[in-house]
Amino acid sequence: QVQLVESGGGSVQPGGSLRLSCTASIRLFSAYDLSWYRQAPGKQRELVARISSAGNTNYADSVKGRFTISRDNAENTVSLQMNSLNPADTAVYSCRAHWTTALNYWGPGTQVTVSS
């Protein structure tokens, strides 16, 4: 059974940092594109960052220069380093592993709250 589990969420003051991790029980993990999404209360879910199977990355404009996505295929893990956090970053963050239409998996999400 495929399972994605996020960790590392929590509460932080503005300007602080958090590192999210997502570990996946997926065969052929290295073949998957991996992404982090977030959804704030009352807003649509948005793509935060993505890393392809080849290691290419792209980011939402709102997080460029502050967030860094990385992957460790040996550990079946994708991480999101988040720096210079501000209240607008408050949301539930979810990881996604995607290879084909049928091979598309989500984690349950982890809460990130940025508040003074």
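Check the entry above for the structure.
Just so it is clear, the model here is predicted, and its values are computed rather than measured. (Residues numbered from 1 in each chain as written. Predicted model: local features only at pLDDT ≥ 70, side-chain atom pairs only at ≥ 80, totals over all residues. Heavy atoms only, no water.)

### Focus on the pattern of salt bridges
- On inspection of all chains with the given rule, the structure shows five salt bridges.
- Residue D61 is joined to K64 by a salt bridge in which the shortest nitrogen-to-oxygen separation is 3.1 Å.
- A relative accessible area of 65% means that D61 is categorised as exposed.
- Residue R66 pairs with D89 through a salt bridge whose shortest N-O separation is 2.8 Å. In this pair, R66 is assigned in the loop between β6 (57-59) and β7 (67-72) and D89 in the loop between β8 (77-82) and β9 (91-98), connecting sequence segments 23 residues apart. Each of the two residues, R66 as well as D89, counts as buried.
- Several salt bridges share partner residues, and in doing so they unite R38, E46, R66 and D89 into one network. (Salt bridge = Lys/Arg side-chain N within 4 Å of Asp/Glu carboxyl O. Buried < 20%, exposed > 50% of the residue type's maximum accessible area, 1.4 Å probe, protein only. Helix = DSSP H or I, 4+ residues; strand = E, 2+ residues; numbered from the N terminus.)

### Brief notes about the environment of W99
- For W99, the position within the fold is in the loop between β9 and β10 (104-106).
- The class of W99 is partly exposed, set by a relative accessible area of 38%.
- Considered as a pair, W99 and N73 are 26 residues apart in the sequence and their alpha carbons are 14 Å apart.
- Contact partners of W99, with chain neighbours within four places excluded, come to L28, A31 and Y32. (Contact = heavy atoms within 4.5 Å.)

Remember that the coordinates give geometry; whether it matters functionally is a separate question.
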